[in-house]
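Structure assessment
Take a look at the letters that make up each chain.
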Amino acid sequence: MAPFNVQVPRRLRRLIRHPWFLGVAGIAVLLVLWSVVAGLGVVDRLFLPTPAAVLAAGREEAASGDLWRDIGASVLRVLGGFGLSALVALPLGIAMGANATLCRLLEPLLALLRYMPAPAFIPLLIIYFGLGELPKVLLIFIGTLFFNTLMIMDAVKFVPRELLETTLTLGGRRRDLLLRVITPFIAPQVLDAFRINMAAAWNLVIVAELVAADNGLGKRISLAQRFLRTDQIFLGLIVIGLIGLLIDLSFRLLMRRSCAWAN
Amino acid sequence: MELVLDSVCKRFGEGRAAQLVLDRISFTLHTGQFLALLGSSGSGKSTLMRLVAGLEAPSSGSLSLDGVPIRGPGSDRGMVFQKYSLYPWLTAAQNVAFGMELKGLERGVIRERTAFYLDVVGLADAARRLPRELSGGMQQRVAIARALAAEPRLLLLDEPFGALDLQIREAMQEFLHGLWQRTGLSVLLITHDIDEALLLAQQVHVLAPRPGRIVESLTLDLDKGDLRQLRLSAPFQNLRHRLADTLRQLDRDPAPGP
């Protein structure tokens, strides 16, 4: 039997080998599937809006300014909560990684707290701090602090002893170890930890807004549910996903720029 | 420069679990001398090096440099480790400059000396490359340049070529020998490689394992004009076989009683 032989044109082969091609193709296939299924009308429009309807909802919200206000509100909460978490986790994680006593004291506590789901703190936060911005920011803070701290601590523990001791034999002091060896050495891992935990922060802001908020992308989705506006729900989900992807890519870019040595 | 170790003992652990790692080590190293400590694993040779570097304190006995007791690490004793020896985020030149920056030397002086020491180790062309872009042998040469640039009184080498391939290791031994001859450095080398000790050092102390102790000291009087010839020469080969026998014997015998 003759071998079954398909000639793939060279240009197509080159396209397939492009690092982004398959990823983009996967998303495109999903979009096409969505269009076809929604267009065929086999599923009630109320449950599955067409891409065109979602796009229209997007235009409408963008024109009224709601979209931008919601994005702004959610992003600010994430930045506030995560920024605070990073600010505390950096010194705490470094101290725990560098000091065995402190590590033995705090690691079990943090490991315990880490397994308490942050959303379970929402009732307490609302009782303590009401319905304003503070409880939302604190929720993100609580939900990311322990992960950030433990990951930074681990990074510090993996700084080779030889590098630290070399520094001491070159006349370095403790301060030099911290600022000139440990900090640059862990920078790529810290950025990576932030990138990963940022996803959790982004989850938590939506949860907080679903529970109680005046604005934000989560609030918009929960309002849309009340009025059966599945097009707005789809829009909200897509926008949330896109912003998440954007944050992830920014961290990757920052890492490639600032820590080229680690790639 | 004079490094003096007098009855240095090191114990790890406490009470019943205490383990004697180094037992009454005494020797002296003079200016310009190349001294090797030869021993198999368990001979405590790395611990001994860490004591000299000031990274650990002895349990008893004393170490002093030019009459001053060693109390901690300092830039008068430059150290080169076997691995993880370079800062991976810094270029070769920045690695060499690191110690001088810690000392707060002037920028101009740092730049000049960095170029000089990179040239000394034959890596002037690699100045802007990151450690991961350098071969293992080049990395160790940068580490040596960095230690030299801090202008230590004593250079400590802890199995510096142990992680390298045999051929590169031989080339590095020739490089180090040439460097020592040119600069008149004082060097303390730790190795388990008999050839390395015999080729490079003027004096070799053989360490027995468990506990680490000096069982034999050799002062070498070999013609080191051509290391490649030396490797093949009869006196070298004889010494080499004899030391190999000694080390094998030491590994087999249990430690003597207290």
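The structure presented is a predicted model; accordingly, all values stated were derived computationally and were not measured.

A short note on the overall build of chain A
When helices and strands are tallied, chain A shows eleven helices and zero strands. Counted from the first residue to the last, chain A has its helices and strands arranged as α-α-α-α-α-α-α-α-α-α-α. Whereas a compact globule of 263 residues would reach a radius of gyration of roughly 18 Å, chain A reaches 24 Å, over 25% beyond that. Dimensions of chain A, computed from the C-alpha atoms along their principal axes, are close to 70 × 70 × 35 Å. Expressed as a percentage of the 263 residues in chain A, the buried residues total 31%. Taking the intrachain contacts of chain A between residues at least 6 apart in sequence as the baseline, contacts between residues at least 24 apart amount to 69%.

Observations regarding the sheet that holds strand S4 (residues 60-65) of chain B
In any sheet, the strands associate via hydrogen bonds between backbone groups, in a parallel or an antiparallel arrangement. Residues and elements named next belong to chain B. Taking strand neighbours across the sheet as the criterion, the four strands line up as S2-S1-S4-S5 in an open arrangement whose pairing is antiparallel. Taken across any chain shown, the strands that pair with only one partner, and hence form the sheet edges, are strand S2 (19-30) and strand S5 (68-69). Relative to S5, S4 runs antiparallel, the two sharing two bridges. For Leu 65, the partnering residue across the bridge sits in S5 and is Val 68.

Concerning helix H3 (residues 107-120) of chain B
Residue and element names in this part refer to chain B. Over its 14 residues, H3 runs 20 Å from end to end, which matches the ideal 20 Å to within 8%, given 1.5 Å per residue. Along H3, the residues that are buried comprise Ile 110, Thr 114, Tyr 117 and Leu 118. Across the axial projection of H3, the buried residues extend over an arc of 100°, all falling on one side. Structural note: H3 exposes Gly 108, Val 109 and Glu 112 on the side pointing more than 90 degrees away from its buried face. Its buried side turned inward, H3 meets helix H2 (92-103) and helix H4 (136-149). Remark: Gly 122 follows H3 within two positions and exhibits a positive phi of approximately 75°.

A short note on the interface of chain A and chain B
By a widespread convention, an interface's size corresponds to the accessible area lost as its parts come together. Listed as interface residues are 13 residues of chain A and, on the opposing side, 22 residues of chain B. Here the side of chain A that touches chain B gets six residues from one element, more than from any other, and that element is helix H8 (residues 161-169) of chain A. When grouped by side-chain class, the residues that make up the side of chain A that touches chain B number six nonpolar, four polar and three charged.

Focus on the nonpolar core
Ala 36, Val 52, Val 96, Val 142, Ala 145, Leu 156 and Val 187 of chain B are the most contacted members of the largest nonpolar core, which has 72 residues in total. Built from parts of two domains, this core gets at least three residues from each of domain 1 (1-76 + 154-258) and domain 2 (83-151) of chain B. With sequence-adjacent residues up to four places away left out, Val 187 of chain B is seen in contact with Phe 34, Leu 35, Leu 155, Leu 157 and Trp 180 of chain B. Among the nonpolar cores identified, the runner-up in size contains 41 residues, and Leu 139, Phe 141, Val 181 and Ile 221 of chain A belong to it.

Let's talk about unusual backbone geometry
Residue and element names in this part refer to chain B. In this structure, Pro 211 follows Arg 210 across a cis peptide bond, with omega equal to -10°. Relative to the assigned elements, Pro 211 resides in the loop between strand S9 (203-208) and strand S10 (213-219). Despite not being glycine, Ser 7 has its phi angle at roughly 50°, a positive value. You can see Ser 7 is positioned in strand S1 (residues 2-12). Not every positive phi belongs to a glycine, and Glu 159 is a case in point at roughly 45°. Residue placement: Glu 159 occurs in the loop between strand S7 (154-158) and helix H5 (166-183).

Here we look at the domain arrangement of chain B
Residues and elements named next belong to chain B. Assigned domains of chain B: these are domain 1 (1-76 + 154-258) and domain 2 (83-151). Counting residues at the interface gives ten residues for domain 1 and nine residues for domain 2. At four residues, H5 tops the list of elements feeding residues into the side of domain 1 that touches domain 2. Looking at side-chain class alone, the side of domain 1 that touches domain 2 contains nine nonpolar, one polar and no charged residues.

Points about the sheet that holds S7 of chain B
Residues and elements named next belong to chain B. The sheet built from six strands is open, its strands ordered S6-S7-S8-S3-S9-S10 with mixed pairing. Two strands lie at the open edges of the sheet, namely strand S6 (77-80) and S10, each paired on one side alone. Pairwise comparison of adjacent strand axes, ignoring direction, gives a mean angle of 20° for this sheet. With six bridges joining them, S9 and S10 adopt antiparallel strand pairing. Looking at the pairing, Val 206 lines up with Glu 216 of S10. This element, H4, spans S6 and S7 of the sheet and lies at about 170° to S6.

With respect to the pairing of S4 of chain B
Residue and element names in this part refer to chain B. Of the strand pairs in this sheet, S1 and S4 are connected by five bridges, and their pairing is antiparallel. The residue bridging Leu 5 from the neighbouring strand is Leu 63, located in S4. The turn linking S4 back onto S5 is made up of two residues, and Asp 66 within it adopts a positive phi angle of 50°.

The rules we used
Residues numbered from 1 in each chain as written. Chains lettered and ligands numbered in written order. Predicted model: local features only at pLDDT ≥ 70, side-chain atom pairs only at ≥ 80, totals over all residues. Helix = DSSP H or I, 4+ residues; strand = E, 2+ residues; numbered from the N terminus. Rg over C-alpha atoms; globule rule 2.2 N^0.38 Å. Buried ≥ 20, exposed ≤ 12 C-beta atoms within 10 Å, placed from the backbone. Contact = placed C-beta atoms within 7 Å. Pairing = 2+ DSSP bridges. Expected span 1.5 Å × (residues − 1). Arc of directions from axis to C-beta. Nonpolar A, V, L, I, M, F, W, Y, C, P; charged D, E, K, R; others polar. Core = buried A, V, L, I, M, F, W, Y, C linked by C-beta atoms within 7 Å. Domains from an automatic or database assignment. Axes fitted to C-alpha atoms, helices over the stretch in contact; angles between N-to-C directions.

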